[in-house]
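For reference, the chains in residue letters:
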Amino acid sequence: MIYWDPTYILVIIGLIISLAASGMVNSAMKKYHKVQNSTGITGADCARRILDNEGLYYVQVEDLGSNGGDHFDPSANAVRLSHQNYCGRTITAMGVAAHECGHAIQHARGYTPIKIRTALVPVVNIGSNASMPLILLGVVLSWNQLLIQLGIIAFSLTVLFQLATLPVEFNASSRALERLEHYGIVTAQENKGCRKVLSAAAMTYVAGTLAAVLQLLRLILLFGGGGRRRDD
């Protein structure tokens, strides 16, 4: 017999939200990967133009050689694009490339939220790895509330990181859309397409945050009350 815990509904809600957001971004990306931009420049060209206009000549634009993993690496000062976005001459390629440049601009300008997120990374890495072992150990040791509470606090750091990520991602997209049109890289109509791509992508971060909040709530309901013990 499969045991059903009422808190599983939170897991299901989080899964539905995540799947819906994933479907939305995949649909938008695929749609605008089929739409060529009017200037005929590649995502790499787009990124280079934005970075140069911002005075960020030292930031490199690199081809990841695979389809996925677009990001800005502050330690290497490099905007890294998937192969299809690096070489692509599509609306999606330009939107994604500009978004990653938005992160490069944030770092260069000392954007406070990205400083906070960066500072949280080592703490969150420790917390995310330690949270479940602490909770499980606490349960095994006769529902030791100290260990359980430490585990919940450790997981809450993951939620905090997700929350700190939201303004960083939305701001990067805002900077991207502004630069694309300001520097004459796209037309106003093409910028609308880029906005749809980046808005869909942003929803994955919102979904991830909601899923993390729901998981934290589930942990609190299951283990945080102090009333559920081995001898219940």
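Shown above is the structure to which this text applies.
Remember, predicted model here, so these are calculated numbers, not experimental data. Within every chain, residues take consecutive numbers counted from 1 along the sequence as written. Confidence filtering applies because this is a predicted model: local features only for residues at pLDDT of at least 70, side-chain atom pairs given and counted only at 80 or more, and all residues used for totals across whole chains, interfaces and linings. By convention in this description, side-chain values take in all heavy atoms of the structure and omit both hydrogens and water.

Trainee: Please explain helix H2 (residues 43-53) as it appears in this structure.
Mentor: Helical geometry note: an α-helix holds 3.6 residues per turn, so side chains three or four residues apart project in the same direction. Those residues of H2 lying buried are Gly43, Ala44, Cys46, Ala47, Ile50 and Leu51. All buried residues of H2 project into a common sector of 160° when viewed along the axis, lining one side. Only heavy atoms matter for contacts: two residues are in contact if any of them lie within 4.5 Å across the pair. Secondary structure follows DSSP: runs of H or I at least 4 residues long count as helices, runs of E at least 2 residues long count as strands, and numbering of each begins at the N terminus. In this fold, the buried residues of H2 make contact with strand E1 (60-63), strand E3 (78-81), helix H3 (83-87), helix H4 (91-109) and helix H6 (145-182). Backbone geometry just downstream of H2 places Gly55 in the positive-phi region, at approximately 80°. Whether a residue is buried, partly exposed or exposed follows from its accessible area with a 1.4 Å probe, protein chains only, as a fraction of its type maximum: under 20%, in between, or over 50%, in that order. As used here, the arc is the angular range of directions from the helix axis to the C-beta atoms.

Trainee: Would you mind going over the side chain of Glu169 with me for this structure?
Mentor: In this fold, Glu169 is placed in helix H6. Here a polar contact means two N or O atoms within 3.5 Å. Within protein one must be a hydrogen donor candidate and the other an acceptor candidate, and residues neighboring in sequence count only if both atoms are side-chain atoms. There is a polar contact of 3.2 Å between the side chain of Glu169 and the side chain of His103. At 3.3 Å, the side chain of Glu169 forms a polar contact with the side chain of Arg117. Setting aside anything within four residues of it in sequence, one finds Glu169 in contact with His99, His103, Arg117 and Tyr205.

Trainee: Is there a simple way to explain the pattern of salt bridges in this structure?
Mentor: Opposite charge on two side chains allows them to pair when their charged atoms are near. Salt bridge, as used here: a side-chain nitrogen of Lys or Arg that lies within 4 Å of a carboxyl oxygen of Asp or Glu. Across all of its chains, the model carries seven salt bridges by this definition. Connected through shared salt-bridge partners, Glu54, Arg109, Glu178 and Arg179 make up one network.

Trainee: When you look at the pairing of E3 in this model, what are you seeing that I'm missing?
Mentor: As a general feature of sheets, a regular strand has side chains that alternate between the two faces. With burial as the criterion, each face of E3 is covered, one bearing Ala78 and Arg80 and the other bearing Val79 and Leu81. In short, DSSP must find at least two bridges between two strands for them to pair. The pairing of E1 with E3 spans four bridges and is classified as parallel. Residue pairing for E3: Val61 is matched across the bridge by Val79. Relative to E3, strand E2 (residues 71-73) is paired through three bridges, and the arrangement is antiparallel. Its bridge partner lying in E3, Phe72 is registered against Val79. Once E2 ends, the chain turns through four residues before running back antiparallel as E3, passing Asn77 with a positive phi of about 50°.

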